[in-house]
Amino acid sequence: MSRTPDRNNPLLVRHIAQTNLITCTPDATAESLIRLMADQQIGCIVVCDNRLPVGIVTRRDLISLWADQHENAPITELMSAPVSSVSEWESVDEAEHRLIAEGVRHLVVTKASGEACGILSETDVVNSHGIEHDLFLRSVEEIADHAPLTVDGNSTVLSALQKLKASDSSALLITQHNEVCGIFTERDAVTLISQNMQDHNLSDLCNNPLVTIEQNLSLYKARKVFHQHQFQHLAITNHEGKITGLISYSDILQSVESDCVYHLRELLNEQDRALEQSQHSLKLADKVIEASMEAIVICDKNSLILRVNPSFTEITGYTSEEVLGKNPSILSSGRHNERFYTEMWLNLAEQGFWQGEIWNRRRDGSVYPEWLSITSIRDDSGNISQYAAIFTDLTEIKKSEARIKRLAYFDELTRLPNRKLFNDRLQLSLGYAKEHQHRIAVAYIDVDFFQQINDLYGHETGDKVLKEVGRRIEHELDNGDTVARFGGDEFNLILTDVDNTPHISEFLNRLLNTVNQPILIDDKELKVTISIGVSFYPTDADNAESLLKCADSAVHLAKDFGRNSFRFFSSEQHQQIQSRYQMGSDLQAALDNGEFQLYYQPKVCLQTGRSDSCEALLRWLHPQLGFISPVEFIPLAEDLGLINRIGDFVIAEACRQIAAWRKQGAEINVAVNVSAKQFQQGDIAERILATLQQQSLPAHLLSVELTESCFLYCPEETKRAINTLRSQGIQVAIDDFGTGYSSLSYIRTMELDTLKIDRSFLVNLGDSEVDRAIVTSIIEMSHILGLKVVAEGIEHQSQMNILKQMSCDQLQGFLLARPMPADAFINWHQHQKA
Ligand SMILES: Nc1nc2c(ncn2[C@@H]2O[C@@H]3COP(=O)(O)O[C@H]4[C@@H](O)[C@H](n5cnc6c(=O)[nH]c(N)nc65)O[C@@H]4COP(=O)(O)O[C@H]3[C@H]2O)c(=O)[nH]1
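Now for a look at the structure at hand. Source: prediction; values computed, not measured.

We now examine the packing of helix H27 (residues 684-694) against helix H29 (residues 715-727). It is at 8 Å that the axes of H27 and H29 come closest, and there the two elements cross at 25°. With respect to their mutual orientation, H27 and H29 come out roughly parallel. On the side of H27, the interface is formed by Ile-684, Ala-685, Glu-686, Ile-688 and Leu-689, while H29 contributes Arg-720, Ala-721, Thr-724 and Leu-725. Considered class by class, the residues forming the contact of H27 with H29 number 6 nonpolar, 1 polar and 2 charged.

Spatially, 3 strands are ordered E7-E8-E9 in an open sheet, and the strand pairing comes out mixed. Looking at strand neighbours, the two that pair on one side only are strand E7 (150-152) and strand E9 (179-185), the edges of this open sheet. Sheet twist, expressed as the mean angle between neighbouring strand axes with direction ignored, is 35°. Bridge count between E7 and strand E8 (residues 171-176): 3 bridges; the pairing is parallel. Bridging from a neighbouring strand, Thr-150 pairs with Leu-173 of E8.

A few words on the state of the cysteines. What the rule picks out here adds up to 0 disulfides. The thiol of Cys-24 is not disulfide-bonded; the next cysteine sulfur, from Cys-48, is found 7.6 Å away. Summary of cysteine pairing: Cys-710 is not part of a disulfide, and the nearest cysteine sulfur, belonging to Cys-714, is at 5.4 Å.

On to the pairing of strand E14 (residues 305-308). One face of the sheet, then the other: side chains in a regular strand alternate in exactly this way. Sheet topology note: the strand E13 (residues 295-300)/E14 ladder contains 3 bridges and is antiparallel. When the sheet's bridge partners are listed, Cys-299 is paired in E14 with Ile-305. Connecting E13 to the antiparallel partner E14 that follows it, the hairpin turn spans 4 residues, and Ser-303 within it adopts a positive phi of roughly 65°.

With the rule as written, the count across this model stands at 32 salt bridges. Among the ionic pairs, Arg-662 bridges to Glu-667, the shortest N-O distance being 2.8 Å. By relative accessible area, Arg-662 is classed as partly exposed at 34%. The exposure class of Glu-667 is partly exposed, given its relative accessible area of 38%. Shared partners join several salt bridges into a network, and the residues in it are Lys-603, Glu-615, Glu-705, Lys-756 and Glu-792.

Read from one edge of the open sheet, 5 strands run E14-E13-E17-E16-E15, paired in antiparallel fashion. Each end of this open sheet is capped by a strand with a single partner; those strands are E14 and strand E15 (353-361). For this sheet, the mean inter-axis angle between neighbouring strands, taken without regard to orientation, is 25°. Each of E15, strand E16 (367-378) and strand E17 (384-393) is contacted by helix H16 (residues 338-351), which is oriented at about 150° to E15, the strand it contacts most.

What follows is about the nonpolar core. Trp-661 and Leu-803 are the most contacted members of the largest nonpolar core, which totals 80 residues. A total of 9 residues in this core trace back to one element, the largest contributor, which is helix H25 (residues 643-663). Membership of the second largest hydrophobic core comes to 36 residues, among which are Ile-34, Met-37, Ala-160 and Ile-193.

As for its position among the elements, Ser-311 is in helix H14 (residues 310-316). Under the relative-accessibility criterion, Ser-311 is labelled buried at 10%. Distance in space between the C-alpha atoms of Ser-311 and Glu-290 is 7.9 Å, their sequence separation being 21 residues. The residues touching Ser-311, leaving out its near neighbours within four places in the chain, are Ser-292, Met-293, Glu-294 and Ala-295. Here the side chain of Ser-311 touches Ser-292 through a polar contact of 2.4 Å, landing on its backbone oxygen.

Attention shifts here to H27. Inspection of H27 places Ile-684, Ala-685, Ile-688, Thr-691 and Leu-692 among the buried residues, and these make up the whole buried set. Looking down the long axis of H27, one finds its buried residues gathered within 130° of arc, a one-sided arrangement. For H27, the exposed residues lying more than 90 degrees away from the buried face are Gln-693 and Gln-694. Of the residues flanking the end of H27, it is Ser-696, one or two places downstream, whose phi is positive at about 50°.

Before going further, it helps to examine the packing of helix H2 (residues 30-40) against helix H3 (residues 59-67). With their axes 11 Å apart at the nearest point, H2 and H3 run at an angle of 130° to one another. Classified by the angle their axes make, H2 and H3 are oblique. Handedness of the H2/H3 crossing: left-handed. Together, Ala-30, Glu-31, Leu-33, Ile-34 and Met-37 of H2 and Arg-59, Leu-62, Leu-65 and Trp-66 of H3 make up the contact between the two elements.

Every one of the 22 residues lining the ligand counts as a neighbour, but Glu-615, Arg-619, Asp-735, Glu-795 and Phe-814 are closest to it. In the environment of the ligand, an oxygen atom lies 3.1 Å from a nitrogen or oxygen atom belonging to the side chain of Asp-736. Contacts to the ligand include Phe-814, whose backbone N or O atom sits 2.9 Å from an oxygen atom. Within the complex, the protein chains bury 82% of what would otherwise be the 790 Å² of accessible surface of the ligand. Counting residues per element, the ones that place at least two in the shell around the ligand are strand E26 (613-622), helix H24 (630-639) and strand E30 (731-737). The element contributing the most residues to the shell around the ligand is E26, with 4 residues. Of the residues assigned to the shell around the ligand, the class counts are 9 nonpolar, 6 polar and 7 charged.

Definitions and limits used
Residues numbered from 1 in each chain as written. Predicted model: local features only at pLDDT ≥ 70, side-chain atom pairs only at ≥ 80, totals over all residues. Heavy atoms only, no water. Axes fitted to C-alpha atoms, helices over the stretch in contact; angles between N-to-C directions. Helix = DSSP H or I, 4+ residues; strand = E, 2+ residues; numbered from the N terminus. Parallel < 35°, antiparallel > 145°, perpendicular 65-115°, else oblique. Contact = heavy atoms within 4.5 Å. Nonpolar A, V, L, I, M, F, W, Y, C, P; charged D, E, K, R; others polar. Pairing = 2+ DSSP bridges. Disulfide = S-S within 2.5 Å. Salt bridge = Lys/Arg side-chain N within 4 Å of Asp/Glu carboxyl O. Buried < 20%, exposed > 50% of the residue type's maximum accessible area, 1.4 Å probe, protein only. Core = buried A, V, L, I, M, F, W, Y, C linked by side-chain atoms within 4.5 Å. Polar contact = N/O pair within 3.5 Å; in protein donor to acceptor, adjacent residues only side chain to side chain. Arc of directions from axis to C-beta. Left-handed = near helix turned anticlockwise from the far one by under 90°. Near = heavy atom within 4 Å. Areas by Shrake-Rupley, 256 points an atom, 1.4 Å probe, with all protein chains shown as cover.

Right, here's the structure in full:
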């Protein structure tokens, strides 16, 4: 009977066991048993005491007895005991385990009462596996005994018995004159013993025909032959018909049996390993669940929570005690509609899996996003037995996503749109304006003197100023308009409602005024102004890039106009700006090309009428444009950051000239102009002194002129530089006095030598009493403070006369001499001497 695994209807021992059981009592004799075996043609007898099996005697046991001639030995000595038994109701699987575990080849089958009712051999079990397939695959040759024992036909039965016992074989080939003539099997032995024929010669008795089978036939075929002839043994022959071995029926079964047993053992070992593995896996899974950073929830088939892990508690705030036995819907945020959940359950039912983003609610009521994966777990019958859900809190990820998005489109400092978003919006606005024939404006806003704010108060304050300026601008905008920050102190606007120009001027004035209001930062009240340049679509340009360029040009106009103002782009002014740009790039090359030269303008002492000092004035002779005034290029050089290189040239050239004149015997004091930007450098005094030293000049031959703006933009550096220069004997003059940041306080706090009254106070000296009063006061005040006074820009004799009366110390102006090249100056100087 072959079997296929069926959990519900397992094959039982009683289905395959041999039930034609022959039993005997423990007091039976060996002789009676050998007769019984011979008569019944059976291989074993079960010894029962009071119907209960106590031992088992096999054909081989009895043959051994007669081989040793101990045939009178009691059965109890001979039998194998105790017997391994198995209930007839036990499954064949279980019996099979027992056969292997106990290492026996037979089990006595018992009834519930314990009474023996059959015998189950390994062969029966093997046969139950359905061995046909295996038999087909093997040939006789594979398992045959290729060196079978032989016994001479002239030997006695007894010696054959002894040979059988000694070799533990079940058959011997009988030979006569070295030719196989028959076979002697265990069954023959039992028959001959029962007939008491041990002393007879084999050749007389064993006339069994020897059935042969070809060695290359399959075992399946061999088994058929066995069944056909009811033999226990067959001789095998090669292709020439020569007998080459012996094969027994039990050999066939055993070959399959051993394979089966081997496979079964493997199976059992595998089961053990799998069990061990699964226990290990379970432990591991347990640890993983506990340690997982993701929240894990396991529910039964009714969706009631069976288990949660610590991460679940961490994310949701619910402890496991609070949720066990509850439905996960306690986490529901209410943000998803009925359909959402219906689809989720449908997916789980159909595909066994659902994954997606879901909003849930924590124990404290806060709602959070999570990434959830649910898997339905099915039992062996395919029914859903559990659900496992894993989720991660997406709150932080969402925050970072939002931040990344914000960074991509917004300025981090002011939170205003950045250049990218501005450009996107400008493209949109332009598209709309083109379609509906509207006008739009782009404005470019620059915070005036922002660098100074940074330098004076630090970057933190600078950042706060930018934030506040951005906030104020944004506050003034209409819906649909945009303010963006591109970086630094630049803001940009898109204004969409600009069909009416007075209206936009009004708006821009309002903007200037709003930004101009004091800004309070850390108890400091700052005043900030902005310059605005505006361009229009479609009049100035029809694309985003050109509109921005035009607005940028216009902001330069606003700055030139004096800042704190707005300017509309005009192509004429744009031209100017273009040429300014051109001049900027030419200025870069001017130094290298030697296009700069110093002119010298004398300063004359009013008392003596003599001059022993002058002012060095820079001249740029442009190769194409000719002479360019310092009034034009000095501010440009300051803007372009070139003033330090130019300033260094002036100082070096002035010192070189002083030294050259000195060599000619003329000791002339030369004053050089130093701009506020040069003072900002911080080491201007040291650089001047170093240059002086290079020419080995005494300090009294050099003077420095600076304007009032230095006190405004870099008072600390200016003060330090003045002190250093004066301590070394270099004189310091304040230039253009009265035009700029006219605070008398710096005159009080700064150590100065000379004050130069600006030309604008002197032009109308003859006509204006006010100017006369101012100049008189300046001179008197200066003298009181110990300062020498120089009046500059003197063109008329009348001016000179008045200034003489006022006791002004020195004069400078066209009346006396124009600025001139070094050669001309020294001529003039020597001439006045003569
Ligand atoms: N109308 C009139 N003007 C007179 C008269 N006498 C002298 N001037 C002019 O007045 C300016 C005096 O120079 P500043 O006040 O220092 O004003 C200077 C100075 O601030 C700046 N500058 C000139 N050279 C340098 C320099 O080497 N470095 C720096 N940083 N600035 C310089 O450029 C300004 C203009 O220089 P310049 O064009 O050379 O103009 C000079 C000079 O030519 C007069 O009687 N009438």
